[in-house]
Structure formats: structure tokens, C-alpha cells
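Summary of structural features
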Amino acid sequence: MSKPFAITLDTGSSLVNLTGSWRSKRPVFADHMPPCNIACPAGENIQQWLYHAEEGNYHLAWQEIMKHNPLPAIMGRACYHTCEGECNRAKLDETVGIHAVERFLGDLAIDNNWRVKITVPRSGKKVMVIGSGPGGLSAAYHLTLLGHAVTLFEAAPKAGGLMRYGIPRYRLPRKVLNAEVDRIERMGVEFKLNTPVRDIVGVMEDEGFDVVFAAIGAQLPRQIDIPTDDSVHMYDAIHMLRSIELEEEFPDIGDKVVIYGGGNVAVDAARSAVRLGAKEVSIVYRRSRDKMPAHSFEIKEAVEEGVELNCLRVVRKVENGNIQVEQMVLTDTNKPFPTGQMENIKADTLILALGQLVDADCCLSSVPGVGVLQGNVQVDKAMCTGNEKIFAGGDLVPCERTITVAVGHGKKAAHYIDAYLRETEYQPKPKSPTATYEKLNTWYFSDAPKTVQPILNLIRRQSGFEEVLGNLDEDNALFEARRCLSCGNCFECDNCYGACPDNAIDKLGSGKRFKVNYDYCKGCGLCATECPCGAIDIVNETI
Amino acid sequence: MGQEQKVKFYQKGTYTVGNRLLNVKERSVQASMDRSNSLTCGHRACQGCGEALGARYAIDAAMRASRNQVIAVNATGCLEVFTTPYPETSWQMPWLHSLFGNAAAVATGVAAAMRVKGRTEVRTIAQGGDGGTTDIGFGCLSGMFERNDDVLYICYDNEGYMNTGVQRSSATPPTARTATTPVVGPEPGNVFGTGKNMPMLAMAHKIPYVATANVAALHDLEAKVTKAMHIKGARYIHIFVPCPLGWGSKPEETIHVARLAIKCGIFPLFEAEYGKVTSTVPIREQIPVDDYLKIQKRFSHLFKKGREEREKIAAIQAMADENIEYFNLLNKEGGS
């Protein structure tokens, strides 16, 4: 071959020099578990739906939520978002407002009438679900998606369980609840309202159900013995909330109301009492404020609305229109200890919110094989009771009693029930390691404070049951979604592709992520160090 | 300075290489699938080489800015040695190796030849390390500046003669250990009060464009190269490129080290036109120089347990503080 002027030697390319042979460690792309996902009792893939949402792909984001949780508009409001408690962004500025984005997506789905498609052929199996609270609805939804025919039995006149009869409207408007229940009904779930089940085995045999999922909740108020001369009305908080919902005649609670208990139900009762017109509402709780089981933002909102907190107090007796309380101190082990100091609180009404118990006489107690221990129905890891045809979940079984846990139980039980009906084995996906804050390279994230949801003005909060927290608008929701750090999961920022001095990372195109070219990768590890979200592991080469 | 991103991405940071939420035109050259990869795989640079990275960043941006009409002249140095052991080359572009000291003069000749041939679209780049620039090639470079020849000269500064075994250059910072400035005697490592500030010397020639850049600030680097490619006359860009071998830093921390140099103020990012500073990049999160020095073995003698050389560290801090004050690096807008 003739060469150009002054050129005497051929040249080759350095591509013949496979520098991959230098390597003693290799980068490997990984999907680690973001802390929010781990913390979600419903098992939502939060990072993934935020990923879609930040692209403005709201429908896809909603569909991702719906893989795990059929009630995003409800959860976005009433879930206590344990996910945000674990959010890595909190260490950078403030946690991502996951619940607010979820609510935005949930409301968008309701406004646009989005539906979920059932892609699995009908199995011909019939499942009976008892209780239409979050656990029952979740199980019914997932079982329907898995191809089974579901009938849902509900003792109350409307579906929703404690979401309807326990969570006040100012936290969860009924329009939203109805819309999400309605969506599940339209998927083909048969609802039998006003139909309490007494004899499970009998109904199963009569109507030909193959399996049962029971999620009847814990509805009996815990009682304590308080000596009283009946000069102050006494009610249970759970009955009060239920009566408000049913718009039943509820005895006048008067001007001065005391709530006894420190949980979320107590706070709900206190805030409802404010809305019913009580002038002085206070919460009496036996331990200190920071030990109150109610969520701190609920307590804060209650205090804003005028609810007084009387912590480290125990109710001893009721006499002459007074509630006598004894002051307590906390011991070293954080147990309240009586001091003997008594105080009187003038009151018209005392509302007891001391927790709920599972009804020991419930329909499950007489079913052969079902074990009840300390007031809870016992289940194995598959949510199955001692009777292989009967599964249970929600407040009924030992757990942290929240609606999100119940949704998670419903989903989990549905998968195990499906496996039982198909005579297969359900294998939950193995969990990958946690994407901790230390794995992130936060230099790449600029500061962005959390978007605050609009909040209803105080006068309207004190005078009615209108929803307190407003929705984000689209700009805000997008902003909030984009605050997600995408912990442990590639978001295609091109950092690895750009930072490789050896040009040994191939970009595969939008949505396809990247591939390491091990022919040339020298194993320097720059890609892993510069990955903002910690989605590249460096592992030792084996010889 | 730096390409102003109109949309802020709080997740992707406004600082990542690419961003799937941005439209393609607004992303960096390094983020694009069709970047020219002017310096391709198979080169023999050490693991985590900052210079290999900086060279690809700069030349890819230059190629994009000139529609791939670039000829590069390379001084002797690491960059030349690790990219072109005969018969291999990693350069996917016309590339000439000159002598150690005459890259600027050869580039002047290439530019003249192109002008004579009427190939006005072809742009000439000369490049070299700090040794070939501040020491051996300084005379030719100063001449190229003085004549305002139409060449962009890029210096990849790794603060020493690395491929010959880490000897001191006039860009080696005080106290740094090299083969020729060992940690012995009353002033261990390189001594204070020596060396050249090459970007300031270039400015003194009052050439059309002088800029400093850093491998840890890609968007800024690409913007500066792109801007330089659209200016006629003599231009100079000084790019900070850590050397894991010579500095004793971890290969995976090359960009991290470079970033700390920006954050502590020891390497200021600025642009100058005709001898006047026209823009600077403010520091986003200021850190003490200790953080930068500590992770490099060449400075480890300053941090011996119980015998910390606080005075020397303070003197280096004073150098950083002087930069911060002179270039006003703590004004709060923007940042890199």
C-alpha cells in the first residue's frame, strides 16, 4: 500500500491492547434496596415510582404503586409514611415528601379514572375475604389480579373498615375512600355489605369457597375500671369516631372534654371533639409527650388546633364533675411511677382511647385449627392460620397496627393463597443489600428543601371536618419527585460513562443503562466512587 | 462560569455528567453516545489516570465544537507515552508527536500550513503536561502567545514529571514529595517560594483567552474548551489532573482529589480575556486544605502523628486563602 508523503510506518490502534488484564477488582452494576422501600410495610417500590414520576410519567408511576398497593390516594393521606423516616435525603437537607407525591398520583388516577388491567386468566377458584378494611381490600385486589374470584364480606353498611369508621374525614375525605373502593369493586370483586359472618366453615361450604382471608381487625375498645359517680359522661373513642361517621345521634359531649390515651386514636378523638364544638379539649397520658405512640405531626396539628396535653397523668376516679388524675414520674427504665400527687380536671366528658382488642368471640375463634394467643390470631410467615384454608392479616394478627401494615398483609397473603390454590410454592424475591447514605456520592445533588403541602387555616380546622392537608400541584409534585436521590438504583446520570479514564463503560441508550467493557476496564474504581446513588459495587476478581 | 443549566435537577444534581431529564442538546459532550472518544481504550495510563480523563474531556469537546476538524500536536510526556507506543495509537484524530519542548512551535507551524492551504475550518491544538509546558516548552509557548498564533494550547497539570519517575517540575507545589524533592532535611519535600503560576503567566501575554479547568468540574471544562475553540488567536487552558501514582492517592479517588482542590481554593477556576479575569467559579462548600492534603501520600509527612507540621499546612492554607480572595471564590451564586 502506498503511504502518504513522509509517512513510512504503519500504525495500529491501541484497541489491540486489552488492558482488562491489569484488573484485580471489577465494577459491577447493582440494584440495591433503597431504605424507603425497606421501610414500606406495603412493600412499595418507592424509588421506582418516583423515577417514573420525575419524568412526568405519572401513569407509569401510578401503575408501579398499584403493583403493591391498591390505595395510593388513601395511603398518601393516612399512611404514617415510615418510608420518610428512613429517607437518606434527611441527612442531606430534608426527607423527600414521598406521601405527598403518592397522594398526588392517587388523586390524579381518580380524576382520570385510571384502571388496572387483569392480565392473568381466571383460575376458577373462589376466595372469601372477611372484612373490607385495608387488609381485606388489599387481599381482594391482589387475589383478583392473580385471577381468582373474590367475594368480600363486610358487617358494616359501607366498605372501608377502620379507614371509614376510625379515620376522621379531615384526614381522609370519603370521596377519596369511595373512589378507591369503587375501583376495586369494578375489577370484579363482589361486595356483600351488611353481612357479618358468624360461621366461616358453614359459609365456605354453602357458597363453595376454596379459601378464606380474614381481616376483621381489632374493634373492641380496651376497658379499664375507673370508679365513677357518673357525673362525667364516659365513651370509647372508637365508638365516638364511628358515630360521627354514621352521623348517628351522639350524646352532647359538652364544652370540656378529656381524652385518656396517647395513641393516634386518642389524637383523632381529640381533634374530632374540637370539630364537634368542645371548647376545652385535653389529652391525659400516663407517660411523657415524647413517649406518646401517636405520630408527632398529628400531635403537633392537634396542639395547633387547641388541644392541651396533660402528660404523666393517670386517671384515678371520676367524682362531682371532676376527673381525678395522679401525677406520674418516669423511672430510669421509662416506666411511669405514681407520685401520690392528685389533681382535678373539670370535665363534661371523658373519652377512653386505650387501644383496641381483637374480639375473642369472633368468627375465627371456633374454627378448627385456628390458634388465638393473647387476643391475637396466630399466623405463620405465609399469613396462614393453623387451618390451611384460612389465612388472616391486619390488626387481627400480632403486628404494628397501621393501615399500611394491613395492606402489606393483604398482598402477602394473596401471594401465598395463590400458591396454595395453584399448588405451587410462593418464593418471595431475595432482598438485595441496603443502599445506605454512606454509599452515595452526594456532591452531585444540589440543595432543595422539601415542598410543603398547603394547610387549611386554623378556624376552618376547628369548626369542621374539611381535609386539613392540601394536595401538591403538578410543579410541586414533579419538584418533590426529583428530590429523590435514587439510592442504590441507576438513574442514568452518565457519571460512570463520563468518569472512566479508559472509556470502558458503554452507554446502551435511554432506559437501557450501561455495560462495563471488561476487555479494557482496569478496575480503578472511579465509576463506583463517582456514582451518585451507589449503584456500582467493586468486587474482587477471582483467578 | 459553566454552562448555565436552566432546569435544576435536585436529584441528578445539576452536576452529574448527563441527565436523562434534559434534552440532548443541553447535556455534556461526555454524556452523548456519539462522543468522539478521541482518546480511546487500550491506552497504557495507570489505573484512575486523571490526565487520560482530562484529555478525553477536552479533546472530545474540541472535536464537537469544530465538527471534528482538529489536529493535535503533543509534547513528550505521560500523555504521549501512554497513548502511542509504536505501532499502537489511542488517538482517533490527526495527531503529531513533537519534541518535549517544541509542541507550541510545531502547532504554530501546523496552523500556518492549514492557513496556507486554505483549510480555515481545521483547528490546531497543542497539548502537553506541566513539564513540557512550564519548564521545557516554556520558551516556545511564550513565543506562540506573543505572536498570537491561532493555536489552543492545553496543559494537563499533574504537578510533576510522572512518567519518568515522579520528579519535581516548576508546577510541583511546596512540601510535595517527589523523587528529586525527598522528605529529608529542614525543608522536606518541595520548598516554598519556587515554581511558576502558568495561567497567570499566560494572562501576562494578554492573549485572547486563558482559563483554568478541572477534571472534577466537567460542565465547566467543556464550556471553556468550547468557548476557546470559537476564538481566533492564542488561547491557553490549564487543566488540573491528579496523578494517583505520583501523588500517592487512590485510583478511585482521582476525581475526588481534584474536587477537593477546588473546594479548598488551592486550584481556582477562572477565565481571563486579554489579560483580565472575566469570570470565576465560586466554591460550593469550602473545606480546609488539610482535607485535600491528607489523602495524598506526597503530603503525608505534614501529618505525622504527634508531629503535625501546622506551620507548613498554614502556609499552604494561606496560598488557598489568597486565591479565594483574589478570585472572589466565596461569592454564593452558582458553584462547582
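Residues numbered from 1 in each chain as written. Chains lettered and ligands numbered in written order. Predicted model: local features only at pLDDT ≥ 70, side-chain atom pairs only at ≥ 80, totals over all residues.

Moving on, we get to the overall build of chain B. Along chain B, the regular secondary structure elements total 11 helices and nine strands. Counting only C-alpha atoms, chain B reaches 65 × 45 × 40 Å along its principal axes. Per-residue burial over chain B gives 57% buried out of 336 residues. Within chain B, contacts between residues separated by at least 24 positions form 69% of all contacts whose residues are at least 6 apart in sequence. (Helix = DSSP H or I, 4+ residues; strand = E, 2+ residues; numbered from the N terminus. Buried ≥ 20, exposed ≤ 12 C-beta atoms within 10 Å, placed from the backbone. Contact = placed C-beta atoms within 7 Å.)

Let us now look at the interface of chain A and chain B. Reports often express the size of an interface as the amount of accessible area lost when the parts come together. Across the contact, 49 residues belong to chain A and 43 residues belong to chain B. Every element with two or more residues in the side of chain A that touches chain B is listed here: β1 (12–13), α17 (495–499) and α18 (526–530) of chain A. Of the residues that constitute the side of chain A that touches chain B, the class distribution is 21 nonpolar, 17 polar and 11 charged. In the sheet, β1(A) pairs with strand β2 (residues 88–89) of chain B via two bridges, with the strands oriented parallel. From the neighbouring strand, A:G12 faces β2(B), where its bridge partner is B:E88. (Nonpolar A, V, L, I, M, F, W, Y, C, P; charged D, E, K, R; others polar. Pairing = 2+ DSSP bridges.)

Close reading of the predicted structure is inappropriate where its pLDDT is low. Residue and element names in this part refer to chain B. Here chain B averages 93 in pLDDT, while 94% of its residues score no lower than 70. Overall, residues 1–13 carries pLDDT values under 50, and its contacts beyond four positions in sequence, including any with other chains, amount to 43 contacts. Interface predicted TM-score (ipTM) for the complex: 0.92; the corresponding pTM is 0.89. (pLDDT = per-residue confidence, 0-100.)

For any two helices packed against each other, one specifies the crossing angle of their axes together with the interaxial distance. Residue and element names in this part refer to chain A. Two elements in contact, helix α2 (residues 46–54) and helix α3 (residues 58–66), have axes whose closest approach is 7 Å; the angle formed by their N-to-C orientations is 170°. The angle between α2 and α3 falls in the class roughly antiparallel. Contacts between α2 and α3 pair Q48, W49, H52 and A53 from the former with Y58, L60, A61, E64 and I65 from the latter. (Axes fitted to C-alpha atoms, helices over the stretch in contact; angles between N-to-C directions. Parallel < 35°, antiparallel > 145°, perpendicular 65-115°, else oblique.)

Moving on to the nonpolar core. Inside soluble globular proteins, nonpolar side chains tend to come together where they are buried. Core analysis: the largest hydrophobic core is formed by 252 residues, its most contacted members being A:A237, A:I259, A:A269, A:A270, A:F391, A:A392 and B:I239. The contact partners of B:I239, leaving out residues within four places of it in the chain, are B:G54, B:A58, B:I154, B:C155, B:Y156, B:D157, B:A213, B:N214, B:V215 and B:L221. (Core = buried A, V, L, I, M, F, W, Y, C linked by C-beta atoms within 7 Å.)

Looking now at the sheet that holds strand β14 (residues 336–346) of chain A. All names here are of chain A. Read across the open sheet, the three strands follow the order β12-β13-β14; overall the sheet is antiparallel. The open sheet has two edge strands with one neighbour each: β12 (313–319) and β14. Direction aside, neighbouring strands of the sheet carry axes that sit 25° apart on average. Of the strand pairs in this sheet, β12 and strand β13 (residues 322–330) are connected by six bridges, and their pairing is antiparallel. In the strand pairing of β13, V318 is matched with I323.

Of note, the amide linkage connecting B:Y86 to B:P87 takes the cis form, showing an omega dihedral of 5°. In this fold, B:P87 is placed in the loop between α2 (78–83) and β2. A positive phi angle, near 50°, is found at A:N194, a position not held by glycine. Relative to the assigned elements, A:N194 resides in the loop between β5 (190–192) and α10 (200–207). Taking the C-beta count within 10 Å as the criterion, A:N194 has 10 such neighbours and is therefore assigned exposed.

Attention now moves to helix α5 (residues 138–146) of chain B. Residues and elements named next belong to chain B. If you check which residues of α5 are buried, you get C140, L141, M144 and F145. Down the axis, α5 shows its buried residues gathered within 140° of arc, on one side only. Facing away from the buried side of α5, by more than 90 degrees, are the exposed residues G139 and E146. Packing partners of the buried residues in α5 comprise α3 (103–117), α4 (130–135), β5 (151–157) and α6 (198–204). N148 lies just past α5 and shows a positive phi near 55°. (Arc of directions from axis to C-beta.)

A separate point is the sheet that holds strand β8 (residues 233–236) of chain A. Residues and elements named next belong to chain A. One open sheet holds the five strands; their spatial order is β8-β15-β9-β10-β11, and the pairing between them is parallel. A strand with exactly one partner marks an edge of an open sheet, and here the two such strands are β8 and β11 (308–311). Neighbour-to-neighbour, the strand axes of the sheet open up by a mean angle of 20°, direction not taken into account. Pairing between strand β10 (residues 280–285) and β11: four bridges, direction parallel. Looking at β11, one finds that Y285 is bridged to C311. Sitting on the sheet, helix α12 (residues 264–275) is in contact with β9 (256–260), β10 and β15 (349–352), with an inclination near 170° to β10.

Residues and elements named next belong to chain A. With 13 residues, helix α9 (residues 174–186) extends 18 Å from end C-alpha to end C-alpha; this agrees with the ideal 18 Å at 1.5 Å per step. Every buried residue belonging to α9 is among V176, L177, E180, V181, R183 and I184, and all of these are buried. Buried residues along α9 cover an arc of 150° about the axis, so they all sit on one side. The outward face of α9, more than 90 degrees from its buried face, is lined by the exposed residues K175, D182 and R186. The secondary structure elements touched by the buried residues of α9 are α4 (72–78), α6 (98–111), α7 (134–145) and α8 (162–165). Two residues or fewer after α9 comes G188, characterised by a positive phi angle close to 115°. (Expected span 1.5 Å × (residues − 1).)

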